[in-house]
Each structure stands twice: as structure tokens, then as C-alpha cells.
Amino acid sequence: MIFSPPAPGRPGRIVVRQPDDWHVHLRDGVGMRNAAAATARAFARALVMPNLRPPVTTTAAAQAYRGRILAALPASTSFVPLMTLYLTDDTSPAEISAARASGIVLAVKYYPAGATTNSASGVTRIGHVYSALAAMEAHGMVLSVHGEVTDADVDIFDRERVFVDTVLARLVRDFPALKVVLEHISTEEAAAFVLAAGPHVAATITPQHLLYARNALLAGGIRPHLYCLPILKRERHRQALLRAATSGDPKFFLGTDSAPHARQMKESDCGCAGCFSGHAAVELYVEAFEAAGALDRFEAFGNAFGADFYGVPRNVGTITLASQEWMVPASYPFGDESVIPLRAGEAMRWKLIDGQEPGK
Ligand code: DOR
Ligand code: ZN
């Protein structure tokens, strides 16, 4: 990373190796173009989640989805979508082998059935997917985990912690060589579990979990555009996540979970979970790292640790950000509708100055 402090008449600048986003929702259909353009603005590659309707459960479906994403971007794009399969009770070891052999599927996503958006086809019992997990372990394929239990009697603020103590602990014990990414961690306990586990267990951390605690969501009025799953937790957890992200430990890396929903779907009596951060993801992370006094740790978090974990080469190109204030628009186009971004109508401290404009 090269940091040039501000000088009279010139803002500060940082130049970092281009990051990847190891967890994103690009959707499908008319909104996909906007979501993909926002991510391709700053990231070289992104691991694209498979919770479409219907879900991406086969390599053939992942291949087709990849083609649609690339077709929605300008022909000149260098952005590379990396694909995932959606794990169901019926996923066969043969499907895992086919996914591995395709070279385009990097991970299999485990949604506990009913845990979040479009998770109805997810895993009903961990025991049902043991043959698929064994195949993944044998192939060195990554299991990407939405780590929340869905039991009605477990409080929503405890669902990640209980998942970690029960399901994840069992998974890691029964498949000691399986590569696991605990996605969008939101608690101190999840960070501690990942840290204590072997080198094949890692975690992604989102910008919203680094920048906001649950008061931002619920105190003084409910803010549906900050509602995501796992839900934002207490400030003590945010502090723990910031420590993990800025620790320089390669187990923690960048995954935005940018998850656009049309405005009406969020501002509803039963609003969808998901924060849209693709429009300013890198800037949001840089702000969080700067506030923690750890700007110099951002580059590896975004560029090195995820690539190393997934076994792909690190990006060698760079992006440049300037310490130049800008206002996030109140909304962005999202197909025929609009999406309210993180920080809508508020100021950002950092601006990407050599990327593509989002939403164009
Ligand atoms: O908040 C979330 N939104 N969490 C998820 O796990 C899924 C995502 C979505 O797809 O909207
Ligand atoms: Zn997600």
C-alpha cells in the first residue's frame, strides 16, 4: 500500500492492490446489471452467492448464471465472477465432482433451510449433507456457511452463537480437512471460534458489521435498510469484529454480503434482509480500517487473505482512493426499481478515483 498524506490543495491518497469480494449477491434479471456494475467498479473478482429463485444447485446452472452476469457487464470488463453452488439435502457427491472439474465453481454455499432470503431449499439437517461434505473435503472444495440456527425458540440475536457452538463445532470435528468460511460473522464468539480453529477455517466480515451496531438499526426509529442477517449485534461485537478484521490474521478477509433488494421489499411490514453496499464497499471498509488506526492492514484483508484461502492468484493491479468527501445518492437504480444504499444521503470520507461509476 502507498499512502500519501494530504498536502495543501491536494487530498490524501492510498493506492492498494485491487481487492476481491468473497461474498456478494448479484441477483438475476433486470437488477443484476446494476448490482454487477457496482461490484465490478472496484473489485477484480467476486464470489457470487447462489440464492436465486430457483437456486443455483448444479454446475450447469452456475455456468449459465455466470454467462448472464458477464453479458450484463460491458464487453470490455475485466471483472471475473466466481461461482457457488447452493447445497441442498439432495446435492450428490457426483455434483460436487462436476463442480470441481468445471473450474468455475469455487465454493458450495450452506444455507440452513429458512435462515434467510431464498433459503427455503437449504439444508434441513446437517446429517443429510454428509456425503456431499465428504466429497468436498476430498476435493479441497470450500464450504461457505451461513452460520445461524433457525429454531423458533432461539433468539435472533443468539442464532449465530448457537450455530457456532452446535452445528459448526460438529462440522469442523467431523470433517477436519474441510475448508470452511463462516460468512459475514457478527459476533465476538464467531471470531473467537474461527481464530481457535485450524488454518482451513476462515471468515468474511461485511462493512455494515464493522461500522454499525444494533443501535443504528433500532434506536430512535427502525431503519430497514440496515436490516441484514445475521442481524447487527451489540457494540462489543462490532469492536471484536474490527479487531479481527484489522488484526492482520489471514483467517479474516473481505466479503461484503452486498445484497440489494428493491426499496418496497425493504420498507414493508415484513421487510427483506440485506444491505446494499456495492456502490461504496471499498470506501466503507477503508473508513472502518482508518477509524481503527489500521489503514495499512486493509490491503491484505482485501487482496491477499481471501485469494490465498481460495487458492487463486492475488490480483496485481491497483486501485486508488482519495480522502475526498462525497455524498452517497439517496437511491440507485435497480432494474425497473430503486435500491437504497448503505449511507444513503450521507457523506463518505473516501472516494475511489480510478474505478467505474456504480449504477451506470
Ligand atoms: O441479509 C442478508 N441478505 N443475509 C443473507 O444471508 C442473504 C442476503 C440476501 O440474499 O438478501
Ligand atoms: Zn449473503
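Residues numbered from 1 in each chain as written. Chains lettered and ligands numbered in written order. Predicted model: local features only at pLDDT ≥ 70, side-chain atom pairs only at ≥ 80, totals over all residues. Heavy atoms only, no water.

Residue alternation in strand β4 (residues 45-48) divides its side chains into two sets, Arg45 and Leu47 and Ala46 and Val48, and both sets are buried. Across 2 bridges, strand β3 (residues 21-24) lies against β4 in parallel orientation. Its bridge partner being in β4, Asp21 is matched across the sheet by Ala46. Between β3 and its parallel partner β4, the chain crosses via helix α1 (residues 32-40), and the hand of that crossover is right-handed. Pairing of β4 with strand β5 (residues 80-86), which is carried by 4 bridges, proceeds in the parallel orientation. Bridge pairing in β5 places Arg45 opposite Val80. After leaving β4, the chain enters helix α2 (residues 59-72) and then returns to the sheet as β5, a path that is right-handed. (Buried < 20%, exposed > 50% of the residue type's maximum accessible area, 1.4 Å probe, protein only. Helix = DSSP H or I, 4+ residues; strand = E, 2+ residues; numbered from the N terminus. Pairing = 2+ DSSP bridges. Right-handed = clockwise from strand over helix to strand, strands pointing away.)

This part takes up the coordination of the zinc ion (ligand 2). The coordination sphere of the zinc ion (ligand 2), as far as protein atoms go, consists of His23 (NE2), His25 (NE2) and Asp257 (OD), spread over 2.0 to 2.1 Å. Counting along the primary sequence, the residues that act as donors to the zinc ion (ligand 2) give the motif H-x1-H-x231-D. Linking His25 in the loop between β3 and α1 with Asp257 in the loop between β10 (252-254) and α10 (263-266), this pair joins segments that are 232 residues apart in sequence. Judged by relative accessible area, which is 6%, His25 ranks as buried. (Donors = N, O, S within 2.8 Å, 3.2 Å for Na, K, Ca; no water.)

Moving on to the sheet that holds β4. Taken in spatial order, the 8 strands line up as β3-β4-β5-β6-β7-β8-β9-β10 in an open sheet, and their pairing is parallel. Only two strands of the sheet have a single partner each, and these edge strands are β3 and β10. Direction aside, the axes of adjacent strands within the sheet are offset by 30 degrees on average. As paired elements, strand β8 (residues 179-182) and strand β9 (residues 201-205) share 3 bridges and run parallel to each other. (Axes fitted to C-alpha atoms, helices over the stretch in contact; angles between N-to-C directions.)

Turning our eyes to something else, we now look at the packing of aromatic side chains. Summed over the entire model, instances satisfying the criterion amount to 12 aromatic pairs. Relative to Tyr310, the ring of Phe309 has its centre 5.9 Å away and its plane inclined at 75 degrees; by these criteria the two rings are edge-to-face. The same class applies to Phe309 and to Tyr310, which are both buried. Taken together, the ring pairs in this structure connect Trp22, Phe253, Phe309 and Tyr310 into an aromatic cluster. Lying over the aromatic face of Phe157, Arg214 brings its terminal NZ or CZ to 4.6 Å of the ring centre. Residue placement shows Lys351 over the ring face of Trp326; its charged tip is 5.4 Å from the ring centre. (Phe/Tyr/Trp six-rings, centres within 6.5 Å; stacked < 30°, edge-to-face > 60°. Lys NZ or Arg CZ within 6 Å of the ring centre and 35° of its normal.)

On to the packing of helix α6 (residues 188-196) against helix α9 (residues 235-245), then. When two helices pack together, you describe them by how their axes are tilted relative to each other and by the distance separating the axes. Packing of α6 against α9 leaves a shortest axis separation of 8 Å and a crossing angle of 30 degrees. Considered as vectors, α6 and α9 are oriented roughly parallel to each other. Along its contact with α6, which presents Glu188, Glu189 and Ala191, the element α9 presents Arg236, His237, Ala240, Arg243 and Ala244. For the contact of α6 with α9, the per-class residue count stands at 3 nonpolar, 1 polar and 4 charged. (Parallel < 35°, antiparallel > 145°, perpendicular 65-115°, else oblique. Contact = heavy atoms within 4.5 Å. Nonpolar A, V, L, I, M, F, W, Y, C, P; charged D, E, K, R; others polar.)

What follows deals with the environment of Gly335. Take Gly335: it is sitting in the loop between β13 (332-334) and β14 (337-339). Between the C-alpha atom of Gly335 and that of Gly31, which follows or precedes it by 304 residues, the distance is 3.9 Å. If we ignore the near neighbours within four places in the chain, the residues touching Gly335 are Val30, Gly31 and Asn34.

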